[in-house]
Amino acid sequence: MKYVELGRTGVRASILGMGGHEYLQNGKSRGFNEDFKRSTTPGEILEGFGQENRLAILKSSYELGINFFDVTQDSEKEALGRNLKQLPPPYDVVIQTRPEGMVYTYDKNNTKMADLILLRNEAQRILKLLQRETIDFFNIAPMKCAFEHDPEYLEKLGYNISVLKQEGLIRFACADTFSGEETYLRMIQSGYFDVIYINFNFADYQAQNRVMKAAKAQKMGVITREAYMKGQLFHMAKEAGIEQISDLADAALRWSLSREGVDMVIYGTGKPEHLRDASEAFENKFSELDERLISRIMQTQLYKAYEAEKNKEFLEL
């Protein structure tokens, strides 16, 4: 495993991070695609998370040297906290997570994150689920409407982050949003955040033009997700007649990490063998074969529609 320092944090993280999603038989992530409301409600723990298969994923992560874990919904947080006690890591690990029910569109105008008492209580609640003393990376993910609703919103976030750091509840803050380029840039330029977390792949690539450069200018770490476009990549492969699925998966991962400014790719899977394959993908550089496979994907109608949609979302929101 290769490692990189995440911006100015001093954290030496594996270039492949382990996502916390668990998966249904149809390949879709658990929780969100079972009961969306419950899975995004604080305190709701769905049954069956963190069982034998997830422990196998955790064991493989240790064997590969992965030391960065990202969890979202409470079911994943509770499972990871429990699993780390059942199967203690042989080295220090760091965890990124978010305040539940407060980010993205889960809370109107993201008002809860601007309230120090509510955000502090949420951090304390999460720490009990994770069974840890501090949250390493706290994922703060407001939407554009939050800034429009409250002109002082960003300053409130900055103050809250500083207090939570002083109190030892969090170590670092992560800037995230689904509201596109301008919202990311505002958060980056504020100086309140230590890393960014962002969708990034060869169909959703606009972040490399301004956002990643701005993050690096602020000495921030850059963590990416959705290298496989939430599975749409493999539907595109069918349209393109590509049968070398494992080669295509490796090409997508290498493409993401080969872009200037990218420090880490968060990867999710329900199969230990796929995790090992993903780890091995980074042993090789982005190649002509990778380029050819991606070029074939880019000729499909599915790719063209996906690219147009993602460009519009990122640049116009």
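Note that the structure is predicted; figures quoted are calculated from it, not measured.

What counts, and where the lines are drawn
- Residues numbered from 1 in each chain as written.
- Predicted model: local features only at pLDDT ≥ 70, side-chain atom pairs only at ≥ 80, totals over all residues.
- Heavy atoms only, no water.
- Helix = DSSP H or I, 4+ residues; strand = E, 2+ residues; numbered from the N terminus.
- Contact = heavy atoms within 4.5 Å.
- Pairing = 2+ DSSP bridges.
- Axes fitted to C-alpha atoms, helices over the stretch in contact; angles between N-to-C directions.
- Core = buried A, V, L, I, M, F, W, Y, C linked by side-chain atoms within 4.5 Å.
- Buried < 20%, exposed > 50% of the residue type's maximum accessible area, 1.4 Å probe, protein only.
- Salt bridge = Lys/Arg side-chain N within 4 Å of Asp/Glu carboxyl O.
- UniProt positions renumbered as here; feature names shortened; annotations may be inferred.
- Patch = residues over 30% accessible without salt bridge, like charges linked within 9 Å, V, L, I, M, F, W, Y side chains within 5 Å.
- Areas by Shrake-Rupley, 256 points an atom, 1.4 Å probe, with all protein chains shown as cover.
- Lys, Arg positive; Asp, Glu negative; His and termini not counted.
- Charge placed at Lys NZ, Arg CZ, Asp CG, Glu CD.
- Parallel < 35°, antiparallel > 145°, perpendicular 65-115°, else oblique.
- Left-handed = near helix turned anticlockwise from the far one by under 90°.
- Expected span 1.5 Å × (residues − 1).

A.B. asks: What exactly am I supposed to notice about the environment of Lys216 here?
C.D. replies: Position of Lys216 among the secondary structure elements: in helix α8 (residues 211–217). Residues Lys216 and Val262 lie 46 residues apart in sequence; the distance between their C-alpha atoms is 9.4 Å. In contact with Lys216, other than residues within four places in its own chain, are Gly221, Val222, Gly261 and Asp263.

A.B. asks: Even after reading the chapter, I still don't get the sheet that holds strand β4 (residues 68–70), so can you show me in this structure?
C.D. replies: The strands making up a sheet are joined through hydrogen bonds of the backbone, oriented either antiparallel or parallel. The strand order β3-β4-β5-β6-β7-β8-β9-β10 describes a closed barrel built from eight strands, whose pairing is parallel. Taken over all neighbouring pairs, the strand axes of this sheet differ in orientation by 30 degrees on average, direction set aside. Docked against the sheet, helix α4 (residues 116–130) engages β5 (94–97) and β6 (135–140), running at close to 130 degrees with respect to β6.

A.B. asks: Can you help me understand the nonpolar core in this one?
C.D. replies: Note that soluble globular proteins tend to have their nonpolar side chains buried in a common cluster. Core analysis: the largest hydrophobic core is formed by 86 residues, its most contacted members being Phe138, Phe193, Ile196, Phe202, Val211, Leu253 and Ile297. Residue contributions to this core peak at seven residues, all from helix α10 (residues 245–258). Setting aside residues no more than four positions away along its own chain, Phe202 makes contact with Met229, Leu233, Ala252, Trp255, Ile294, Ile297, Met298 and Tyr303. The next biggest cluster of nonpolar side chains, apart from the first, holds 13 residues, and it includes Val11, Ala13, Met264 and Ile266.

A.B. asks: Where do I start with the pattern of salt bridges in this structure?
C.D. replies: If the charged atoms of two oppositely charged side chains come close together, the side chains can form a pair. Tallied over the entire structure, the rule returns 23 salt bridges. As a salt-bridge pair, Asp194 and Arg8 come within 3.9 Å of each other at their nearest N and O atoms. You can see Asp194 sitting in the loop between α7 (181–190) and β8 (195–199) and its partner Arg8 sitting in the loop between β1 (3–5) and β2 (12–14), a full 186 residues away along the chain. For Asp194, a relative accessible area of 6% puts it in the buried group. Arg8 gets classed as partly exposed once you look at its relative accessible area, which sits at 39%. Between Arg125 and Glu122 there is a salt bridge; the shortest N-O distance is 2.8 Å. Taken together, the residues span about one helical turn, with Arg125 and Glu122 both in helix α4 at a distance of three residues. Overlapping salt bridges bring together Asp74, Lys77, Arg98, Glu100, Glu122 and Arg125 as one network.

A.B. asks: What exactly am I supposed to notice about the UniProt feature "domain: NADP-dependent oxidoreductase" (unreviewed entry) in the protein chain here?
C.D. replies: When the UniProt feature table is mapped to this numbering, "domain: NADP-dependent oxidoreductase" (unreviewed entry) covers residues 51–290. Strand forms 14% of residues 51–290 and helix 48%; the C-alpha atoms that close the span are 35 Å apart.

A.B. asks: Explanation requested: unusual backbone geometry in the structure shown.
C.D. replies: Of note, Lys219 is a non-glycine position whose phi angle comes to about 60 degrees, a positive value. As for its placement among the helices and strands, Lys219 is situated in the loop between α8 and β9 (221–225). You can call Lys219 exposed: its relative accessible area is 57%. Here Glu226, not a glycine, exhibits a phi torsion of approximately 65 degrees, which is positive. Within the secondary structure layout, Glu226 lies in the loop between β9 and α9 (232–240).

A.B. asks: Help me out: how do you make sense of a negative patch on the surface in this one?
C.D. replies: Judged by side-chain charge, Glu273, Asp277, Glu280 and Glu283 come together as a negatively charged surface patch. Mapped onto the elements, Glu273 comes out in helix α11 (residues 272–281). With relative accessibility at 39%, the residue Glu273 sits in the partly exposed group.

A.B. asks: Could you clarify how one ought to interpret the packing of helix α2 (residues 52–64) against α11 in this entry?
C.D. replies: The relative placement of two packed helices comes down to the angle between their axes together with the axis-to-axis distance. The geometry of α2 relative to α11 is characterised by a closest axis approach of 9 Å and an angle of 25 degrees between their N-to-C directions. The orientation of α2 with respect to α11, classified from their angle, is roughly parallel. Of the two possible hands of crossing, α2 and α11 adopt the one that is right-handed. Residues Asn53, Ala56, Ile57, Ser60, Ser61 and Leu64 of α2 lie in contact with α11, whose contacting residues are Pro272, Leu275, Arg276 and Ser279.

A.B. asks: Is there a simple way to think about helix α3 (residues 74–86) in this case?
C.D. replies: Given 3.6 residues to a turn, an α-helix orients residues that are three or four positions apart in the same direction. With 13 residues, α3 extends 18 Å between its outermost C-alpha atoms, agreeing within 8% with the 18 Å of an ideal straight helix rising 1.5 Å per residue. Burial in α3 covers these residues: Asp74, Ser75, Glu76, Lys77, Ala79, Leu80, Gly81, Asn83 and Leu84.

A.B. asks: Looking at this structure, how should I read α10?
C.D. replies: Taking 1.5 Å per residue as the helical rise, α10 with its 14 residues ought to reach 20 Å, and the 20 Å between its terminal C-alpha atoms agrees with that figure. Taken together, the buried positions of α10 are Leu248, Ala249, Asp250, Ala251, Ala252, Leu253, Arg254, Trp255, Ser256 and Leu257. Next to the buried residues of α10 lie α9, β10 (264–267), α11 and α12 (288–297).

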